[in-house]
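Residues per chain, in single letters:
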Amino acid sequence: MKAHNFYAGPSILPKSAVKATAKAIKNFANTGMSLASISHRSKEFEAVVNEAVALFKELLNIPEGYEVLFLGGGASMQFAMIPMNLMKKKSVYVNTGVWSTKAMKEAKLFGEVVEVKGEDFYHIPKGYSIDPEADYIHVTTNNTIYGTEIFEDINSPIPLVADMSSDIFSRPIDVSKYALIYGGAQKNLAPAGVSFVIVKSELLGKVDRVIPSMLKYETHIKDGSMYNTPPCIPIFTALQTLKWIKKEGGVEAMQKKAQKKAELLYNEIDKNKVFKATVADPDRSLMNICFVMKDEYKDKEAEFSKFAAERGLIGLKGHRLVGGFRASTYNALPKASVKALVKAMQEFEKQIIK
Ligand SMILES: *Cc1c(COP(=O)(O)O)cnc(C)c1O
């Protein structure tokens, strides 16, 4: 049976990226050695990092003055590195869910945090003003758990920092509006183990605190992400994903595809008599689509889980904080998988409502 992979992360990757990685693990760049056992300082691997950085810049149209880094520690380590490197006294955090709450917790270790919040985590806060005295404002553009998304590149009077773990490369962004963009790669780019950071270098080196070398962006900029041994295999896969994105038509093509998939699924959720959405327009994520059983069918959740699994629909369980279901529709998820889910929802509706 064909598996339709709806996991939220680690999650589906382009077939070509998985295939190229499998091949390189056996024989990397015709060296006769495995990608798993070559030096990160070999010219073949250095070429991988250089090409990945170049494709980041090309696909996201990154202007001059920005550096692209590949680091270990996941997005969660960036939660601490960002305030350590950028906060003198105060920062603003737009709190839109679990991940931004965690980011904020780390920032509080290094200074004052002004929190901006919406009515709840099913809504993106709007119409707030930004404290011009703060050193930066932090947003999480896609809230992987609650299924909301900020699509706008915010006009901010202070440096804008964004966690784009789960929507990077899903649409064009105006990088010039951001001071720093970061994320774990395991949602839309690569296997777990590497995180990406795009940083405007002129903003660095302005804080007085002592920062350990590994936690200082300048260290990694100076050594081209090779200050220590980088996560070689995930970086290699990231490069393959970037090549696939380019071949498919770039981030504009990814956006169109994401919009089509999301439209298909949200339409069904809104129409279906058994399910309902947890998030309303215009805050609905195009990457993590959350839905629950309508109240009168609450007891049918386990039944639908089984029904879906029997049809090869995998990874649909909602996060434990939200419950219900979550279909992650990242770049690499084919439209056919969304169609298979829609079909299953329609069949289930027929079975329940006779
Ligand atoms: C998954 C996720 C994280 C955490 O990433 P790690 O690499 O596991 O630390 C942070 N932010 C967002 C938006 C995420 O989806």
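Rules and cut-offs
Residues numbered from 1 in each chain as written. Predicted model: local features only at pLDDT ≥ 70, side-chain atom pairs only at ≥ 80, totals over all residues. Heavy atoms only, no water. Pairing = 2+ DSSP bridges. Helix = DSSP H or I, 4+ residues; strand = E, 2+ residues; numbered from the N terminus. Axes fitted to C-alpha atoms, helices over the stretch in contact; angles between N-to-C directions. Domains from an automatic or database assignment. Contact = heavy atoms within 4.5 Å. Buried area = accessible area lost by both parts, 1.4 Å probe. Salt bridge = Lys/Arg side-chain N within 4 Å of Asp/Glu carboxyl O. Near = heavy atom within 4 Å. Polar contact = N/O pair within 3.5 Å; in protein donor to acceptor, adjacent residues only side chain to side chain. Nonpolar A, V, L, I, M, F, W, Y, C, P; charged D, E, K, R; others polar.

1. Quick word on the sheet that holds strand 11 (residues 275-277)
Reading across the sheet, the three strands line up as 11-12-14 and stay open at both edges, with antiparallel pairing between neighbours. Two strands close off the open sheet at either side, each with one partner strand: strand 11 and strand 14 (325-328). Averaged over all pairs of adjacent strands, the angle between their axes in this sheet comes to 35 degrees, without regard to strand direction. As paired strands, strand 11 and strand 12 (residues 288-293) are joined by three bridges and run antiparallel to one another. Considered in strand 12, the bridge of phenylalanine 275 is made with methionine 293.

2. Considerations on the domain arrangement of the protein
Per the domain assignment, the segments of the protein are domain 1 (15-248) and domain 2 (250-352). Computed from C-alpha atoms alone, the centre-to-centre distance between domain 1 and domain 2 is 28 Å. Each partner contributes to the interface: domain 1 provides 28 residues, whereas domain 2 provides 25 residues. For the pair domain 1 and domain 2, the summed buried surface comes to about 2,200 Å²; carbon and sulfur atoms form 59% of the total. Considering only the side of domain 1, the residues that lose the most area to domain 2 are Tyr122, Ile145 and Pro172, jointly responsible for 23% of the buried surface there. Between the two partners, domain 1 and domain 2, sit one salt bridge.

3. Let's talk about the site of the ligand
Surveying the vicinity of the ligand reveals 14 residues, the closest of which are Ser76, Thr144, Asp163, Gln186 and Lys187. Between the ligand and the protein, one listed contact pairs an oxygen atom with a backbone N or O atom of alanine 75 at 3.0 Å. Within the contact set of the ligand, a nitrogen atom lies 2.6 Å away from a side-chain nitrogen or oxygen of aspartate 163. Per element, the largest residue contribution to the shell around the ligand is four residues, and it comes from helix 3 (residues 74-86). For the shell around the ligand, the residue count by class is three nonpolar, nine polar and two charged.

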